[in-house]
Amino acid sequence: MGNITDLFGNTRFITPETEGIKYAGSKLKILPHILDIVSELPVRKVLDGFSGSTRVSQAFAKLGFDTTSSDCSEWSKTLATAYLLNKEQPKYYLELLNYLNSLKGYEGWFSEHYGGTLDNKEKRPFQLKNTKKLDAIRDAIDKLDLNEVTKSVALTSLILALDSVDSTLGHYVAYLADWSPRSHNDLVLKLPKLFISTGENKVVQGDIFDTIQQNSFDLAYFDPPYGSNNDKMPPSRVRYNSYYHLWKTVILNDKPQLFGKANRREDSRDDVAASVFEEFRKDDDGHFIAMKAIQKMLEQTDANYILLSYSSGGRATKEKLFDILNSNGKLLKATEIDYKKNVMGNMRWTHEWVNSDGRYCEYLFLLEKHNVVPNQKRTDFMMQYKELTTADPQSILVTETTN
């Protein structure tokens, strides 16, 4: 594992280089903080529970951890397969990418629904010249006899290339009125920043509750999608399946039924694609459904340690999170990271759970899980639980400022 030793003799990981698409849930800025926390723990087998664009999974795998990357989306599985399961030298894939780049574009399904011309009055995410290349390349990938990893590398390269020539704010529920400067560039597949996987890595697509019930880990890192803390914000504003519907279509190449001005997939509608962690409503007892999901997830996770990311824009309060965490183990560290809002942050979050100066905060909670306690030891367990929950949670809050 790549690491350094500071002046006090503490080992710290060197944050490895990762890559990904423009992503509202990207952990790029807080990745060094995540790795600093993990460097202090005796762990080997780790879970990246909501892997998204896989930056955390990539970092864990590059540092030599046995990494499980888990997410419900097809595109996250594809990225994770390319980065975590590759056993070839990166140059092995150059011949394939060069062939795909040589293909002549044509107007197919993607061009019909997502390509636009300079004088086109409809808002589209890509210029027609690039969707024509997309049509040719995507159809060719399906016609080639590629194994899972090789196909994932080709699709990862395609997604990265599309992400570099889009005309959006970073998601696909609305497109810019005027073409972005990058949209004028030509779509070209480049070799992803691959590495040879040395650990016992796994890629899982599916519900997080299935993943945690079927596996055990030394450390589980969770970055759940956040339901907005604004009661008046419609759920469609925070649905990750709607934000990134186009990546699912690129991966599946299934030419789905579409709806709306953004040409979203039918299966990205809020009533069929919602995550319980994004749920903005309360149950009959007045509790936020999203918070109860976090409670259930932590209870069912078989891990020595849990590291939870949460945002100041999420459907929670710090006090409620402390209660949930303390009911599932010993809270070892709580880190508050403040940094200026980026574009996606300004679009997505309100100011209900931030400091008075309007800073956007990210929180990292490190929990040491309770061991499973037999019924005859419930008395001792409840005594320990009482001690944990009566401790002053603010006494372990660490504040860090990042520009």
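What counts and what doesn't
- Residue numbering note: each chain is counted from 1, following its sequence as written.
- Local features in this predicted model are restricted to residues whose pLDDT is 70 or higher, and side-chain atom pairs enter the listing and the counts only when it is 80 or higher, whereas totals over whole chains, interfaces and linings include all residues.
- Each side-chain value is derived from all of the structure's non-hydrogen atoms; neither hydrogens nor water enter the calculation.
- Note on definitions: angles span 0 to 180 degrees between N-to-C directions of axes, and those axes are lines fitted to C-alpha atoms, for helices only across the stretch in contact.
- Only DSSP runs of H or I reaching four residues or more are called helices, and only runs of E reaching two or more are called strands; each is numbered from the N terminus.
- Roughly parallel covers angles under 35 degrees, roughly antiparallel covers those over 145, roughly perpendicular covers 65 to 115, and oblique covers all other angles.
- The hand of a helix crossing depends on one turn: near helix anticlockwise from the far one by less than a right angle means left-handed, and clockwise means right-handed.
- Here, two residues are considered to be in contact whenever any of their heavy atoms come within 4.5 Å of each other.
- Stacked, tilted and edge-to-face pairs are distinguished by plane angle, under 30 degrees for stacked and over 60 for edge-to-face with tilted covering the rest, among Phe, Tyr and Trp rings (Trp via its six-membered ring) whose centres lie within 6.5 Å.
- Relative accessibility under 20% of the residue-type maximum defines a buried residue, over 50% an exposed one, and the middle range a partly exposed one, all with a 1.4 Å probe and only protein chains included.
- Only lysine NZ and arginine CZ atoms are considered, and such an atom sits over a ring when it is within 6 Å of the ring centre and within 35 degrees of the ring normal.
- Counted as salt bridges are all cases of a side-chain nitrogen of Lys or Arg within 4 Å of a carboxyl oxygen of Asp or Glu.
- Throughout this description, the term nonpolar core refers to a set of buried Ala, Val, Leu, Ile, Met, Phe, Trp, Tyr and Cys residues connected via side-chain atoms within 4.5 Å.
- Here a helix's expected span is defined as the number of its residues, less one, multiplied by 1.5 Å.
- Each polar contact in these results corresponds to two N or O atoms within 3.5 Å; when the atoms are within protein, one needs to be able to donate a hydrogen and the other to accept it, and residues that are neighboring in sequence are counted only if both atoms are side-chain atoms.

Draft legend 1. Main features of the packing of helix α4 (residues 94-102) against helix α6 (residues 128-143). Orientation of α4 relative to α6, taken along the N-to-C sense of each, is 135 degrees, at an axis distance of 9 Å. Relative to α6, the element α4 is oriented oblique. Regarding α4 and α6, the two cross each other, and that crossing is right-handed. Taking contact as the criterion, the partners of L100, N101 and S102 in α4 are, on α6, K133, I137, A140 and I141.

Draft legend 2. Looking closely at the packing of aromatic side chains. Inspection of the entire model under this criterion finds 12 aromatic pairs. Between the aromatic rings of W109 and F110, the centroid separation amounts to 5.2 Å while the plane-to-plane angle is 90 degrees, which identifies the pairing as edge-to-face. Judged by its relative accessible area of 2%, F110 falls in the buried class. Taken together through their ring pairs, the aromatic side chains of F126, Y172, Y175 and W247 make up a single cluster. Between K45 and the ring centre of F217, over which it is positioned, the NZ or CZ distance is 5.7 Å. The positively charged end of K296 is found above the aromatic ring belonging to F209, 4.7 Å away from the centroid.

Draft legend 3. Just the packing of helix α7 (residues 148-163) against helix α10 (residues 245-252), in detail. For the pair α7 and α10, the least separation of the axes is 10 Å and the interaxial angle reads 145 degrees. The handedness of the crossing between α7 and α10 is right-handed. Across the interface between the two elements, L155, L158, I159, L162 and D163 of α7 pack against W247, V250 and I251 of α10.

Draft legend 4. Geometry of the pattern of salt bridges. Going through the model one piece at a time under the given rule, you end up with 16 salt bridges. In this structure, E122 and R124 form a salt bridge, with 3.3 Å as the shortest nitrogen-oxygen distance. Residues participating in the shared-partner salt-bridge network are K22, D163, D166 and R182.

Draft legend 5. Broad picture of the nonpolar core. Counting residues in hydrophobic clusters, the biggest one holds 47 residues, and the most contacted among them are W75, L100, L158 and W247. Elements with a contribution of two residues or more to this core: α3 (74-84), α4, α5 (109-114), α6, α7, α9 (240-243) and α10. Those residues in contact with L158, other than ones at most four positions away along the chain, are L134, I137, R138, I141, L187, L189 and V250. Residues I208, I212, L321 and A334 belong to the second largest nonpolar core, which totals 26 residues.

Draft legend 6. Structural view of α7. Between the first and last C-alpha of α7 there are 22 Å, a value that for 16 residues agrees with the 22 Å anticipated at 1.5 Å per step. Across the 16 residues of α7, 14 count as buried, placing the element largely inside the fold. Structurally, the start of α7 carries an N-cap: the backbone nitrogen of V149 is 3.2 Å from a side-chain oxygen of N147.

Draft legend 7. Quick peek at α3. When you tally the buried positions in α3, you get 10 out of 11 residues, the bulk of the element. On its buried side, α3 packs onto α2 (55-62), β4 (66-71), α7, β7 (202-205) and α10.

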